[in-house]
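If you want the building blocks of each chain, they are given just below.
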Amino acid sequence: MNVLEAIEKRRSIRSYTQQPVEKETLENLVRLAVKAPTGSGMEPWGFVVLQNAEEINRLSDQIKRRVLDDLDAYPQFSQYESWLRSGRYHIFNNAGTVLIIYGDERSPWHVYDCSLAAGNFMLAAENEGIGCCWIGFAEALFDDPEFKAAHGVPEGFRLVSTLSLGYTKVAVPPCSRKEPIFFSWNK
Ligand SMILES: Cc1cc2nc3c(=O)[nH]c(=O)nc-3n(C[C@H](O)[C@H](O)[C@H](O)COP(=O)(O)O)c2cc1C
């Protein structure tokens with residue numbers, strides 16, 4: 001698959017087969033992820049992989065509870081209240097793998113760099129038949145000092161991106177987008 005096909009085909013995938021994503025596959029995708037551009041050449045990224053189903057389920061419940069217990073603190077999630085109240089809704093889409101990308105705050109560019117790495121990862125995953133979904137809800141928990149310490153994340157690293165992923169079970173047709181707006185052109 002060439003990169004243009006991957007860009008055309010990529011969608012947020014929320015339904016995965018039971019097939020685990022092997023360590024070598026994940027390592028190769030992360031190797032490609034970090035080929036992203038990086039401000040001042042600082043490469044300010046670090047990764048956490050979760051593949052324990054019990055832990056992933058527990059974290060999903062924890063995030064739902066935390067957001068619902070204090071919706072005012074999470075205005076960005078209030079529109080999803082009914083999802084969060086549903087017993088069936090799983091924050092990580094029942095994925096067997098969750099990839100978390102942390103950015104080193106010593107780089108002024110860490111949010112850009114890690115987001116570009118996440119983009120690379122998602123496009124490269126497309127070639128493996130692996131679907132991904134960026135999980136903004138994870139912000140409610142994965143930047144906690146306790147969570148980071150428990151997962152070996154050094155001080156000074158901040159959560160940038162969380163992806164749920166797995167071999168795609170239910171594919172989604174290519175996306176359509178609004179016409180891009182050009183604020184000016186040769187003005
Ligand atoms: C910053 C960000 C946060 C997102 N958070 C979530 C999320 O928590 N749960 C989810 O199911 N999708 C999440 N998404 C996926 C978007 O819903 C999705 O990208 C959008 O609907 C466009 O669909 P597409 O990715 O298939 O083109 C997020 C995407 C981004 C970029």
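Everything below is about the structure printed above this text.
What counts as what
- Residues numbered from 1 in each chain as written.
- Predicted model: local features only at pLDDT ≥ 70, side-chain atom pairs only at ≥ 80, totals over all residues.
- Heavy atoms only, no water.
- Helix = DSSP H or I, 4+ residues; strand = E, 2+ residues; numbered from the N terminus.
- Expected span 1.5 Å × (residues − 1).
- Buried < 20%, exposed > 50% of the residue type's maximum accessible area, 1.4 Å probe, protein only.
- Contact = heavy atoms within 4.5 Å.
- Core = buried A, V, L, I, M, F, W, Y, C linked by side-chain atoms within 4.5 Å.
- Disulfide = S-S within 2.5 Å.
- Near = heavy atom within 4 Å.
- Polar contact = N/O pair within 3.5 Å; in protein donor to acceptor, adjacent residues only side chain to side chain.
- Areas by Shrake-Rupley, 256 points an atom, 1.4 Å probe, with all protein chains shown as cover.
- Nonpolar A, V, L, I, M, F, W, Y, C, P; charged D, E, K, R; others polar.

Participant: Sorry if this is basic, but what is going on with helix H5 (residues 110–126) here?
Facilitator: In an α-helix, one turn spans 3.6 residues, which is why side chains three or four residues apart end up on the same side. End to end, H5 covers 24 Å across 17 residues, agreeing with the expected 24 Å (1.5 Å per residue, within 8%). Of all the positions in H5, only His110, Asp113, Cys114, Ala117, Ala118, Phe121, Met122, Ala124, Ala125 and Glu126 are classed as buried. In this structure, the buried residues of H5 make contact with helix H1 (3–9), helix H2 (23–33), strand S1 (45–50), strand S2 (97–104), strand S3 (130–134) and strand S4 (157–167).

Participant: Would you mind showing me how to read the nonpolar core here?
Facilitator: Note that soluble globular proteins tend to have their nonpolar side chains buried in a common cluster. Judged by nonpolar contacts, the single largest core of 31 residues is most densely connected at Leu50, Ile63, Phe92, Ile100, Tyr102 and Phe142. Only S1, helix H3 (53–69), S2 and S4 provide two or more residues apiece to this core. It is H3 that provides the largest number of residues to this core, a total of 5 residues. Setting aside chain neighbours within four positions, we find Phe142 in contact with Leu50, Leu59, Ile63, Phe92, Val98, Ile100, Tyr102, Phe147, Lys148, Leu159 and Thr162. Among the nonpolar cores identified, the runner-up in size contains 22 residues, and Leu26, Cys114, Ile130 and Cys132 belong to it.

Participant: What is the right way to read the state of the cysteines from this model?
Facilitator: One covalent bond between the sulfur atoms of two cysteine residues makes up a disulfide. Summed over all chains, the structure comprises 0 disulfides. With no disulfide partner, Cys114 has as its closest neighbouring cysteine sulfur the one in Cys132, 16 Å distant. When its relative accessible area of 0% is taken as the criterion, Cys114 is described as buried. Free cysteine: Cys132, not disulfide-bonded; nearest cysteine sulfur from Cys133 at 8.8 Å.

Participant: What is the right way to look at the site of the ligand in this model?
Facilitator: Contacts to the ligand come from Arg10, Arg11, Ser12, Arg14, Cys133, Trp134, Ile135, Gly136, Phe137 and Arg177. Arg14 has a polar side-chain atom sitting 2.7 Å from an oxygen atom of the ligand. Here Arg177 contributes a side-chain N or O atom positioned 2.9 Å from an oxygen atom of the ligand. For the ligand, the protein covers 63% of the area, taking 630 Å² as the surface of the free molecule. Of the residues assigned to the shell around the ligand, the class counts are 4 nonpolar, 2 polar and 4 charged.

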